[in-house]
Amino acid sequence: MTRWLTGSDWRPALRAAIAPTGVLLVAALITAVPSGYDYDTFIASPGYGDRFGAALAMTLNAFGAPFRLTGHPASSRDSLDDLELAFRVLPMTVTVLWALALWLGLRAGARRRKATGAQLTRGQAGGEALRTAVVLAGVALLLGLVGGTAWQPADRFDDESGYPLRSTGMSFGADSGWVEAVGWTALLAAALAFAVHGTDALRWAAWRNRSVRGWAVAALTAGQALALAVGLAALVAFVLVAANSKEGVETAVSLAFLPNLGLLLLGFGSGSTWRVHSGLSGQGESWGDRSSDAEISFFDLHDAAADWRWCGLLALAAAGLLGWSAYRRRLDAADRLRLAAVYGVALTVLMAVAGGQMTRTMSMRGWTSSARVDMSQETSVGLVFLSVLLANLVWSVVGAVLVPPLLAAVRDRSVGAPQTAVPYAESPFASAQGGGVQGGGPYAEVPPQVPYATPGAPVAPGYGVPPQSGGPGEVLDSHPAPPAPAGGTPAPGAVPPPPGQEPVDPSVWREHP
């Protein structure tokens with residue numbers, strides 16, 4: 001690992017980090033622009049420098065860091081000792097834009113590498129991922145150390161009497177838990193970097209192992225279906241917020257949390273339980289348990305309007321998109337089960353972090369030191385995890401396992417299936433056993449073709465669409481495959497697979513550590 005950090009070229013990692021860093025800076029600039037707050041009538045709002053420092057710390061919320069506002073009395077005679085507000089909410093719009101900017105930067109670097117004809121091994125791709133993670137973790141650390149601010153508001157005075165309208169006697173501060181931000185930034189950056197730089201290595205592993213290919217297809221298909229479903233739900237959430245907003249500020253703030261709102265609507269429509277928790281605790285046994293929960297479900301709306309049931313259409317649309325994606329790729333039963341598992345787990349994780357939590361902590365002094373009172377109030381909004389997991393698994397099975405055969409049956413009845421048509425359940429990665437010109441079997445007339453055939457090559461048996469139109473060739477494939485040697489001759493030193501195993505594209509034969 002040391003050799004990956006010393007004596008290696010850091011320029012690709014540094015170039016890839018420019019765009020996502022710019023996303024965070026632009027988000028902080030936009031957040032710091034507004035200055036007309038409600039309390040500005042009584043207390044002067046902080047200047048732009050203080051607002052920008054707080055906004056820099058706030059951007060680290062996009063990586064799971066809590067944003068904290070603290071207050072301390074300016075006078076020791078004040079009964080209030082400390083006040084802290086901690087917000088833990090993930091502005092997924094910023095997270096998505098950061099990930100997209102990083103992915104585009106990594107792709108640009110990979111294209112420059114491809115232009116030279118270089119291919120990375122697993123170890124080299126791991127080194128690029130590690131260096132990218134280190135660079136972006138350093139950016140998060142720098143923002144955490146530089147961000148934040150401390151200010152003491154000036155009092156507002158009455159123009160006629162000259163007396164202060166309100167005296168705060170408090171100094172405030174803003175910072176963020178940058179330790180968590182550094183860890184999650186490094187993890188996300190490493191995963192994205194390895195997915196891009198490790199394309200060649202991942203394709204090689206996919207060729208060598210049927211199970212790897214199946215999970216790779218499932219992951220890619222699930223990602224595409226998730227993007228469409230969450231995007232549609234976010235659009236619906238934005239329309240609802242804009243239609244019910246009395247002031248434009250609600251609509252503007254919702255832009256940072258559109259994926260969150262969309263995921264909450266989609267989870268609610270899928271049958272998950274929406275919970276609002278409020279808990280109050282303090283020092284001493286007299287406080288007791290003062291927590292309360294308010295829950296609402298798609299199947300039990302209580303006093304809520306019946307219009308909430310329209311969220312069920314989002315669940316139906318998401319299942320339809322998932323089923324259409326599986327049908328378009330002609331996945332067999334095993335691959336559809338993998339797709340249901342990947343989609344359900346990924347959607348559950350996203351919904352679990354889509355909620356928000358606020359914790360307010362206060363410390364007050366009495367006449368004596370023993371009379372000190374510490375009080376903490378916690379409020380959280382989100383979906384109940386177990387209900388989310390169950391609902392997503394059910395809808396994932398419906399969309400990935402049940403919908404594709406229905407679509408195939410409808411299409412066969414509408415256009416009529418030819419007599420020589422391949423059954424739908426055939427896998428796009430069907431084994432070549434028994435196939436081929438000499439082997440007989442159901443595909444004796446068509447030589448077996450590999451899924452990663454170069455553009456223009458014949459279609460793989462049992463798949464029905466060319467690789468360039470959404471076939472398995474897109475699995476982990478960021479760049480076109482290099483042309484195979486003339487006549488299909490393997491590269492020097494390459495040993496063809498034993499009889500009875502799936503054919504391997506000669507263009508992927510190369511040494512890997």
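Structural notes, computed from the coordinates. (Residues numbered from 1 in each chain as written. Predicted model: local features only at pLDDT ≥ 70, side-chain atom pairs only at ≥ 80, totals over all residues. Heavy atoms only, no water.)

Comments concerning the overall build of the protein
Basically, it comes down to this: Secondary structure elements follow DSSP: runs of H or I of four or more residues count as helices, runs of E of two or more count as strands, with numbering from the N terminus. By definition, residues are in contact when any of their heavy atoms lie within 4.5 Å. Computed by Shrake-Rupley with a 1.4 Å probe, the accessible areas treat only the displayed protein chains as cover when residues are assessed.
For the protein, the helix and strand inventory stands at 13 helices and ten strands. The contacts of the protein with a sequence gap of at least 6 include a subset with a gap of at least 24, amounting to 73%. Accessible surface for the protein amounts to roughly 26500 Å². Of this, 65% is attributable to carbon and sulfur atoms.

Digging into unusual backbone geometry
With phi around 55 degrees, R330 is a residue other than glycine that occupies positive phi space. For R330, the location among the structural elements is in the loop between α11 (312–328) and α12 (333–352).

Some points on the pattern of salt bridges
Quick note on the threshold: What makes a salt bridge here is a side-chain nitrogen of Lys or Arg within 4 Å of a carboxyl oxygen of Asp or Glu, nothing more. Categorising residues by exposure relies on relative accessible area from a 1.4 Å probe, with only protein chains included: less than 20% of the type maximum marks a residue as buried, more than 50% marks it as exposed, and the intermediate range marks it as partly exposed.
The final tally for this structure, using the stated rule, is eight salt bridges. Between E295 and R275 there is a salt bridge; the shortest N-O distance is 2.7 Å. Placement of the pair is E295 in strand β8 (residues 292–297) and R275 in strand β7 (residues 273–282), with a sequence separation of 20 residues. Judged by relative accessible area, which is 33%, R275 ranks as partly exposed. Between R338 and D335 there is a salt bridge, with the nearest N and O atoms lying 2.7 Å from each other. In this pair, R338 and D335 both sit in helix α12, three residues apart, roughly one turn of the helix. D335 shares its class with R338; the two are buried. Each of R210, D332, D335 and R338 takes part in salt bridges that share partners, so that together they form one network.

Description of the packing of aromatic side chains
We apply this condition: Between the rings of Phe, Tyr and Trp (Trp by its six-membered ring), a pair exists once the centres lie within 6.5 Å; its type follows the angle of the planes, with under 30 degrees stacked, over 60 edge-to-face, and the other angles tilted. Whether a charge sits over a ring comes down to the Lys NZ or Arg CZ being within 6 Å of the ring centre and within 35 degrees of the ring normal.
Evaluation of the coordinates by the stated rule reveals eight aromatic pairs. The interplanar angle of 40 degrees and the centroid separation of 5.4 Å between the aromatic rings of W324 and Y327 together place this pair among those described as tilted. Of this pair, W324 and Y327 both sit in helix α11, three residues apart, roughly one helical turn. One aromatic cluster is present, built from ring pairs that chain together F268, W274, F298, F299 and W308. Above the face of the F298 ring, R309 is positioned so that its terminal group lies 5.8 Å from the ring centre.

Digging into the packing of helix α4 (residues 92–115) against helix α6 (residues 178–197)
A packed helix pair is summarised by two numbers, namely the angle formed by the two axes and the spacing between the axes. To be explicit about the condition: Where helices are involved, their axes are fitted lines through C-alpha atoms of the stretch in contact, as for all axes, and angles between N-to-C directions lie from 0 to 180°. By convention the crossing between two helices is left-handed if the near helix lies anticlockwise of the far one by an angle smaller than a right angle, and right-handed if it lies clockwise. Polar here means any residue outside two lists: the nonpolar Ala, Val, Leu, Ile, Met, Phe, Trp, Tyr, Cys and Pro, and the charged Asp, Glu, Lys and Arg; Gly therefore counts as polar.
Packing of α4 against α6 leaves a shortest axis separation of 9 Å and a crossing angle of 35 degrees. By crossing handedness, the relation of α4 to α6 is classed as right-handed. Between α4 and α6, the contacting residues are W98, A99, L102, W103, L106, R107, A110 and R113 on the first element and T185, L188, A189, L192, A193, V196 and H197 on the second. Across the contact of α4 with α6, the residue classes break down as eleven nonpolar, two polar and two charged.

Things to note about the pairing of strand β6 (residues 170–176)
Rule in force here: Here a strand pair is declared whenever DSSP counts at least two bridges between the two strands.
As judged from the seven bridges shared by strand β1 (residues 67–73) and β6, these two strands associate in the antiparallel manner. Looking at the pairing, T70 lines up with G173 of β6. Both strand β3 (residues 149–151) and β6 contribute to a ladder of three bridges, which runs antiparallel. Looking at the pairing, A150 lines up with G173 of β6.

What to know about empty space enclosed by the protein
Just so we agree on the cut-off: Of the grid points, spaced at 1 Å and generated over the protein atoms alone, those admitting a 1.4 Å probe that cannot get out make up cavities, while open sets with protein on both sides within 12 Å along at least five of seven lines make up pockets; any residue with an atom within 4 Å of a point is treated as lining. Grid points are joined across faces, edges and corners, and a volume is the space filled by probe spheres set on the points.
All told, the structure shown has four cavities of 30 Å³ or more when counted by the stated rule. In this model, the second largest cavity occupies a volume close to 70 Å³. In terms of lining residues, the second largest cavity is bounded by L266, S270, A315, A318, A319, Y343, L347, A391, N392, W395 and S396. Looking at the lining of the second largest cavity, the elements that each hand over two or more residues are α10 (258–270), α11, α12 and α13 (385–415). Broken down by class, the residue content of the lining of the second largest cavity amounts to eight nonpolar, three polar and no charged.

Concerning α4
Keep this limit in mind: Helices are assigned an expected span. That span is 1.5 Å times one less than the residue count.
For α4, which comprises 24 residues, the first-to-last C-alpha distance of 34 Å matches the rise-based estimate of 34 Å (1.5 Å per residue) to within 8%. Among the residues making up α4, those that are buried are M92, V94, T95, W98, A101, L102, G105, L106, R107, G109, A110 and R113. Of the surrounding secondary structure, the elements contacted by the buried residues of α4 are α2 (11–32), α5 (122–146), α6, α7 (199–208), α10 and α12. Following α4 by one or two positions, G117 adopts a phi angle in the positive range, close to 80 degrees.

Remarks on the nonpolar core
As a reminder of what qualifies: Here the nonpolar core consists of buried residues drawn from Ala, Val, Leu, Ile, Met, Phe, Trp, Tyr and Cys, with membership extended through side-chain atoms lying within 4.5 Å.
Core analysis: the largest hydrophobic core is formed by 34 residues, its most contacted members being L263, L266, L339, Y343, L347 and M351. Going through the elements one at a time, α8 (210–244), α10, α11, α12 and α13 are the ones with two or more residues in this core. The biggest single contributor to this core is α8, with nine residues. Non-local contacts of Y343, meaning those with residues more than four positions away in its chain, are made with A222, A225, L226, A229, A318, L322 and S396. One finds A27, L56, A110 and A193 within the second-largest nonpolar core, a separate group that totals 28 residues.

Describing the environment of G323
Turning to its location among the elements, G323 is positioned in helix α11. Residue class for G323 comes out buried when judged on its relative accessible area of 0%. Separated by 83 residues in sequence, G323 and L406 have C-alpha atoms that sit 9.2 Å apart. Each residue touching G323, except ones within four places of it in the same chain, is listed here: G399, V403, P404 and L407.

What about the packing of α5 against α6?
For clarity, the threshold we go by: Small angles under 35 degrees read as roughly parallel and large ones over 145 as roughly antiparallel, with 65 to 115 read as roughly perpendicular and the rest as oblique.
Where α5 contacts α6, the axes come no closer than 7 Å and their chain directions differ by 150 degrees. If you check the angle between α5 and α6, you find them roughly antiparallel. Classified by chirality, the crossing of α6 by α5 is right-handed. Counted by class, the contact of α5 with α6 contains 16 nonpolar, five polar and two charged residues.

Some points on the side chain of S297
Checked against the element boundaries, S297 lands in strand β8. Other than its neighbours up to four places away in sequence, S297 contacts F268, G271, S272 and T273.

Focus on a nonpolar patch on the surface
Heads up, the rule is: For patches, a residue must show more than 30% relative accessible area and have no salt bridge; joins then use 9 Å for like charges and 5 Å for nonpolar side chains, namely Val, Leu, Ile, Met, Phe, Trp and Tyr.
On the surface, L141, L142, L145, V146, W178 and V179 cluster together into a nonpolar patch covering about 560 Å² of accessible area. Counting only elements with at least two residues in the nonpolar patch, the list comes to α5 and α6. A total of four residues in the nonpolar patch trace back to one element, the largest contributor, which is α5. Within the secondary structure, L142 is located in helix α5.

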